[in-house]
Amino acid sequence: MKSLSNEALIDSYLKAIDLKLDRDFISLLLAEIKRRKLNVLYYTQDAQAN
């Protein structure tokens, strides 16, 4: 998990939600997002701007 970039982590999290993957997997991704103190909205807005 630590080798993932912030962008890859957020992208994985959002894709996992879209694909309705296992809740435990999504929870692991979300826990890492919170551990890194990332703002999901910041990364989704940045992606939409490009």
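Residues numbered from 1 in each chain as written. Predicted model: local features only at pLDDT ≥ 70, side-chain atom pairs only at ≥ 80, totals over all residues. Heavy atoms only, no water.

K.L.:
Which parts of the structure should I look at to understand a nonpolar patch on the surface?
P.N.:
Among the surface-exposed residues, Met1, Leu4 and Leu28 lie close enough to one another that they form a single nonpolar patch of about 260 Å² accessible area. On the accessibility criterion, Met1 (42% relative accessible area) is partly exposed. (Patch = residues over 30% accessible without salt bridge, like charges linked within 9 Å, V, L, I, M, F, W, Y side chains within 5 Å. Areas by Shrake-Rupley, 256 points an atom, 1.4 Å probe, with all protein chains shown as cover. Salt bridge = Lys/Arg side-chain N within 4 Å of Asp/Glu carboxyl O. Buried < 20%, exposed > 50% of the residue type's maximum accessible area, 1.4 Å probe, protein only.)

K.L.:
I'm lost on the nonpolar core in this one. Help?
P.N.:
What tends to happen in soluble globular proteins is that the nonpolar side chains get buried as a cluster. Counting 10 residues, the largest nonpolar core consists of Leu9, Ile10, Tyr13, Ala16, Ile26, Leu29, Ile33, Leu38, Val40 and Tyr43. Elements supplying a minimum of two residues to this core: helix H1 (6-18), helix H2 (23-35) and helix H3 (40-49). In terms of residue count, the dominant contributor to this core is H1 (four residues). Sequence-distant contacts of Tyr13, that is, excluding residues within four places in its chain, are made with Ile26, Leu29, Leu30 and Ile33. (Core = buried A, V, L, I, M, F, W, Y, C linked by side-chain atoms within 4.5 Å. Helix = DSSP H or I, 4+ residues; strand = E, 2+ residues; numbered from the N terminus. Contact = heavy atoms within 4.5 Å.)

K.L.:
What's the story with the pattern of salt bridges in this structure? I'm lost.
P.N.:
Oppositely charged side chains can form a pair if their charged atoms are brought close together. One pass over the structure, following the stated rule, counts two salt bridges. A salt bridge links Glu32 to Arg35; the shortest N-O distance between them is 2.8 Å. With Glu32 and Arg35 both in helix H2 and three residues apart, the pair spans about one turn of that helix. Of the residues examined, Arg35 reaches a relative accessible area of 48% and is grouped as partly exposed. Here Glu32 makes a salt bridge to Arg36, at a shortest N to O gap of 2.8 Å. Comparing Glu32 with Arg36, the two get one shared label, buried. Overlapping salt bridges, with partners in common, bring together Glu32, Arg35 and Arg36 in one network.

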